[in-house]
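Residues per chain, in single letters:
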Number of protein chains: 2
Amino acid sequence: MKLSTRGRYGLRALIDLASHEDEGAVSTQSIAQRQNISESYLEQLIRMLKKGGLVLSVRGAGGGYRLAKKASEISVGDILRCLEGSLDAVACPAIEGSDCDSANACVSKFVWKRINDAIAQAVDSVWLSELVAESHKLQTAQKEQKEQKEQEGRPSAKSRDEINAQIIREMQNQGI
Amino acid sequence: MKLSTRGRYGLRALIDLASHEDEGAVSTQSIAQRQNISESYLEQLIRMLKKGGLVLSVRGAGGGYRLAKKASEISVGDILRCLEGSLDAVACPAIEGSDCDSANACVSKFVWKRINDAIAQAVDSVWLSELVAESHKLQTAQKEQKEQKEQEGRPSAKSRDEINAQIIREMQNQGI
DNA sequence: GAAAAACCGTAGTAATTTAGTAGACTTTTT
DNA sequence: AAAAAGTCTACTAAATTACTACGGTTTTTC
């Protein structure tokens, strides 16, 4: 019942992409750097998102990726299903079609449908745009906090980029 | 986001146990036979359920296991958490305590709480007693259907036990 | 009181899945 | 033409899962 790194990385990558879209197409390299994810691995993930119709690619120099829809029209469920496959906790043929030889084939139909539906409802009601907003709020809050600490101590030696990188690293250890 | 066999087997085992409780303590051997699960593996699972306080053991010859509470007081969530650990799709320290060094540590807190809560709500609202009732309904329905088919064809060579065993086997391929 | 039935626990192992790497190739812009 | 960027496949290492094996201990029943 755990989400794998595919889902977590993918979500982070899309938040990052959405946050930088005003600067034009976003390269996997830049996302990989900012998010501290292996570039090659990220490429695979983002290609899955392309196949799923969530992002568009722009080839050639200066190219990269772009959201295929508005961030407010992409749900967390859309993203996770692209990367993790079906989110159903238990796959039962009876739920989808009527592949079972009897109409009431197994107990799954009863329990699992409820559970699977609840999961689907949850992930489909959170939108990428919300995550972007939330992430932006957190980052600026943390940045201010850091900068204040630096000022209190010895004169700040860290650049803004270093501070950002550290925040990303901290996020990584905390589940997303 | 998939349930492992631990959860599925465990659920089947408890349904089986609850269904046979009126005959006294239920041995792991008998459950393993009826449910077609490795006895040794099942023992491990049921010991986890004991540690979790869902079943009691009765030692010695003629012993076995018993539900620790009424079937109507054991939720699917209780069972799955015993066997699969936390059902949270993503573990984030920020959700539980305030282990994060900042109050608003990561985006997880926002998204994952909603998702995790939905899953919890779903599994905690289905009770073992419902599964037992459902399973009983299905089995008798399927049994009748089978027996009818047998009568139509050549004279029934299969015993009632063989028919039961087959139903169990079919259930197994269908998700539970 | 001995044997059988049952619970208890750990260690190991095979199979599967996940996470990540490597590298060669194609397309497009500058 | 060269550089930047996406595309694709295959391989490998680590982790997890699903068992299996086996050597116990406890309790009941005959």
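The preceding data block contains the structure.
Thresholds, definitions, all that
Residues numbered from 1 in each chain as written. Chains lettered and ligands numbered in written order. Predicted model: local features only at pLDDT ≥ 70, side-chain atom pairs only at ≥ 80, totals over all residues. Heavy atoms only, no water. Phe/Tyr/Trp six-rings, centres within 6.5 Å; stacked < 30°, edge-to-face > 60°. Helix = DSSP H or I, 4+ residues; strand = E, 2+ residues; numbered from the N terminus. Core = buried A, V, L, I, M, F, W, Y, C linked by side-chain atoms within 4.5 Å. Buried < 20%, exposed > 50% of the residue type's maximum accessible area, 1.4 Å probe, protein only. Contact = heavy atoms within 4.5 Å. Expected span 1.5 Å × (residues − 1). Arc of directions from axis to C-beta.

J.: Would you explain the packing of aromatic side chains in this entry?
T.: Note on aromatic pairs: each is described by the distance of the centres and the angle between the planes. Residues and elements named next belong to chain A. Applying the stated rule across the entire model yields two aromatic pairs over all chains. Ring plane angle 80° and centroid distance 6.0 Å describe the contact between Tyr9 and Tyr41, whose orientation is recorded as edge-to-face. Here Tyr9, found in helix 1 (residues 5–19), pairs with Tyr41, found in helix 3 (residues 39–51); they are 32 residues apart in sequence, far enough to count as distant.

J.: Honestly, the nonpolar core in this entry has me stumped. Any pointers?
T.: The tendency in soluble globular proteins is for nonpolar side chains to be buried as a group. With 81 residues, the main nonpolar core has Leu128 of chain A together with Leu128 of chain B as its most contacted residues. Once residues within four sequence positions are removed from consideration, Leu128 of chain B is found in contact with Leu14, Ile15, Ala18, Leu67, Ala71, Ile74 and Ile79 of chain B.

J.: I tried to follow helix 3 of chain A on my own but got confused; where do I start?
T.: In an α-helix, one turn spans 3.6 residues, which is why side chains three or four residues apart end up on the same side. All names here are of chain A. For helix 3, with 13 residues, the first-to-last C-alpha span of 18 Å sits near the 18 Å given by 1.5 Å per residue. Regarding helix 3, the residues found buried are Leu42, Leu45, Ile46 and Leu49. Relative to the axis of helix 3, the buried residues are bounded by an arc of 95° and lie together on one face. Each element contacted by the buried residues of helix 3 is listed here: helix 1, helix 2 (28–35), strand 1 (55–58), strand 2 (64–67) and helix 4 (76–84). Following helix 3 by one or two positions, Gly53 adopts a phi angle in the positive range, close to 80°.

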